[in-house]
Amino acid sequence: MVAKITVNNLSCRFGKSQSVKKLDLTVLENEILGIIGPSNSGKTTFLRALNRLNELHPHYKQQGEIFIDGKNILLEDPELLRKRVGMVFALPLSLPLSVVENVIYGPKRHGVKSKKELEELAERCLRSASLWEEVKDRLNGAALKLSGGQQQRLCLARTLAVEPEIILFDEPCSGLDPLSTAKVEETMVELKEKYTLVLVTNNVKQASRVCDRTAFFLMGELIEIDKTEKIFISPEDKRTEEYVTGRFG
Amino acid sequence: MDAKKSQKIAFGVLLATTLAVVLPVLFIIMIIIKEGITAINWRFLTTMPSNGMRSGGIFPAIVGTIYLVLLSVAIALPVGVMAAIYLNEYAKDNILTRIIKLSIVNLAGVPSVVYGLFGLGLFVIFLKFGVCLLSGALTLAIMELPVIITTSKEALSTVPLSFREVSLSLGVSRWQTIRYAVLPHALPGIMTGTILSISRIAGETAPILFTAAAFYLPRLPGSLFDQIMVLPYHLFIISTQIPNMPSKSTYGTALVLLILVLMMNFTAIVVRTYFRMNKKW
């Protein structure tokens, strides 16, 4: 498998607090890489370093390098980078627009004008996010009227609409019921055919269900990364074992 | 005295002081209506003053006030909103930003007569606009700025940060993010603040005293460089400078000014309620 993202010696800090410490990690093309770990272990910071969203924080400092397809992302235009590296947030953050307007928000801003093209794109993305059947009759209804699970898949469709190569999921199911969670997970597994996925999750079982490989973060450090079965059955590190078996966390 | 009794007395005192705030408002409104309502008729509202302003109507003063207020807001709104966007979305926390914020606070505290003198110095004399509609509108615009900037900034900062993050995470530029994901949701707050700032300055006399107002000008302004009659100044003139002025028309003029201002406040309340009811997040 080809490396899609390579992270070298990455350290991130917000003001005085260091959230990621000297991290080395590789994400392979078309895999789902899971990142697990207790809260404050730097998972989200790491994820947001990949699309340079951390930079919005005024006191953010970063050292080390991140390469995507061999190119240093710090030398790229952040807007172009974020088109390639999409993100689904922890809470379903629908914009207060209609369902279809949410999906085509990105493409519209990037200059797609043809109404027909936008409609087709919206349908395609809603289908990929397994939401089309549920919302096809209320495309012009308010997005915020959808259920949490539907909104989260809507956010996924919105991310897909700008045609990224990588999708970052930041605890996408933390606010969802088990059925909606199952739907989102199913969709993620379908998506890895075409995309590279990085999934940060607080739910250890979720990682074991959907991820090809899993990384365990603790206090901003990468403790272990390996095939998911290996992490869950016979991890190298004692702390990993304790975490995945639920003895702390 | 037992606890219940002292509580009753305390609440009674609190209620009485609160009522003391309401009473003057009621008295002012009642007296003005009582004394002025008989002066109000179609002729009073739509004709020119005559006989040294002792009879006739106040039409040019009403039109002058509306022109002045609309023009000043047309100048202040874009400047104020853009400044608020800069301060809320772009400005870093540094010395320059702090100086700007301090200036805005101080601008709000400057006495209105000082604005008038400033307008006289800058617009009337230095820029040679003369005493005219434009000079007055510019002076009032500067007075409105702090209110518009502060309320717009407030409205922008209540738009959730997550809207910005979502938009940026889709590769949308910062400016487009502000334009499409932030500004539309801040608009109701900006509108409310603007209307309130208008109603505040509509009754101001001092800033237009040297910059725009004409003592007696029984015709409508034809250009930006014409002097105008304005309600508050007209009211000042007829109540202090004209002997034998029928008190009916003085109170009538006050009533018209009062209604104009209350109408603006009411519009602001309607706008705010409408958007609050339809608030989507």
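Here goes a summary of the coordinates provided. (Residues numbered from 1 in each chain as written. Chains lettered and ligands numbered in written order. Predicted model: local features only at pLDDT ≥ 70, side-chain atom pairs only at ≥ 80, totals over all residues. Heavy atoms only, no water.)

1. Brief notes about the interface of chain A and chain B
Inference 1: Taken together, the contact between chain A and chain B spans 22 residues of the former and 19 residues of the latter.
Inference 2: Here chain A meets chain B over a buried area of about 1,800 Å², counting both sides, of which 67% is carbon and sulfur.
Inference 3: Its largest share of buried area at the contact with chain B, chain A owes to Pro-96, Tyr-105 and Arg-109 of chain A, together 34% of the area lost on that side.
Inference 4: The tally of links from chain A across to chain B stands at 1 salt bridge.
Inference 5: Notably, a salt bridge pairs Glu-165 of chain B with Arg-48 of chain A, separated by 2.5 Å at the nearest N-O pair.
Inference 6: Residue composition of the side of chain A that touches chain B, grouped by class: 11 nonpolar, 5 polar and 6 charged. (Contact = heavy atoms within 4.5 Å. Buried area = accessible area lost by both parts, 1.4 Å probe. Salt bridge = Lys/Arg side-chain N within 4 Å of Asp/Glu carboxyl O. Nonpolar A, V, L, I, M, F, W, Y, C, P; charged D, E, K, R; others polar.)

2. So, the side chain of Ser-169 of chain B
Inference 1: Residue position: Ser-169 of chain B is located in helix α7 (residues 161–169).
Inference 2: Using a relative accessible area of 2% as the deciding quantity, one classes Ser-169 of chain B as buried. (Helix = DSSP H or I, 4+ residues; strand = E, 2+ residues; numbered from the N terminus. Buried < 20%, exposed > 50% of the residue type's maximum accessible area, 1.4 Å probe, protein only.)

3. Digging into the sheet that holds strand β10 (residues 221–227) of chain A
Residues and elements named next belong to chain A.
Inference 1: An order of β6-β7-β8-β3-β9-β10 is seen for the 6 strands of this open sheet, with the pairing classed as mixed. A strand with exactly one partner marks an edge of an open sheet, and here the two such strands are β6 (85–88) and β10. Along the sheet, successive strands turn relative to each other by an average axial angle of 20 degrees, direction set aside.
Inference 2: Across 5 bridges, strand β7 (residues 166–170) lies against strand β8 (residues 196–200) in parallel orientation. Among the inter-strand pairings, Asp-170 is bridged to a residue of β8, identified as Val-200.
Inference 3: The sheet contacts of helix α1 (residues 43–50) involve β3 (32–36), β6, β7, β8 and β9 (213–218), and relative to β7 the element is tilted by about 155 degrees. (Pairing = 2+ DSSP bridges. Axes fitted to C-alpha atoms, helices over the stretch in contact; angles between N-to-C directions.)

4. Some thoughts on the packing of helix α10 (residues 231–240) of chain B against helix α11 (residues 247–277) of chain B
Residues and elements named next belong to chain B.
Inference 1: At a minimum axis distance of 10 Å, the contact between α10 and α11 shows a crossing angle of 160 degrees. In terms of orientation, α10 lies roughly antiparallel with respect to α11. Of the two possible hands of crossing, α10 and α11 adopt the one that is left-handed. Judged by residue contacts, Leu-231, Pro-232, His-234, Leu-235, Ile-238 and Ser-239 of α10 engage Ser-249, Thr-250, Thr-253, Ala-254, Val-256, Leu-257 and Leu-260 from α11.
Inference 2: Residues belonging to the contact of α10 with α11 are distributed by class as follows: 8 nonpolar, 5 polar and no charged. (Parallel < 35°, antiparallel > 145°, perpendicular 65-115°, else oblique. Left-handed = near helix turned anticlockwise from the far one by under 90°.)

5. Description of the packing of aromatic side chains
Inference 1: One pass over the full model with this rule turns up 8 aromatic pairs over all chains.
Inference 2: Centroid distance Phe-46 of chain A to Phe-217 of chain A: 5.6 Å. Interplanar angle 65 degrees. Geometry classified as edge-to-face. Separated by 171 residues along the polypeptide, Phe-46 of chain A in helix α1 and Phe-217 of chain A in strand β9 bring together distant segments of the chain. Like Phe-46 of chain A, the residue Phe-217 of chain A is buried in the burial classification.
Inference 3: A centroid spacing of 6.0 Å and a plane angle of 65 degrees characterise the contact between Phe-129 of chain B and Phe-225 of chain B, whose relative ring orientation is edge-to-face. One end of the pair, Phe-129 of chain B, is in the loop between α5 (112–126) and α6 (133–157); the other, Phe-225 of chain B, is in the loop between α9 (206–209) and α10, and 96 residues separate them in sequence.
Inference 4: On the basis of relative accessibility, which here comes to 24%, the residue Phe-129 of chain B falls in the partly exposed class.
Inference 5: Ring-pair connections join several aromatic residues into one group, and the members of that group are Phe-118, Phe-123, Phe-129 and Phe-225 of chain B.
Inference 6: Above the plane of the ring of Tyr-105 of chain A lies Arg-109 of chain A, whose end atom (NZ or CZ) is 4.9 Å from the centre. (Phe/Tyr/Trp six-rings, centres within 6.5 Å; stacked < 30°, edge-to-face > 60°. Lys NZ or Arg CZ within 6 Å of the ring centre and 35° of its normal.)

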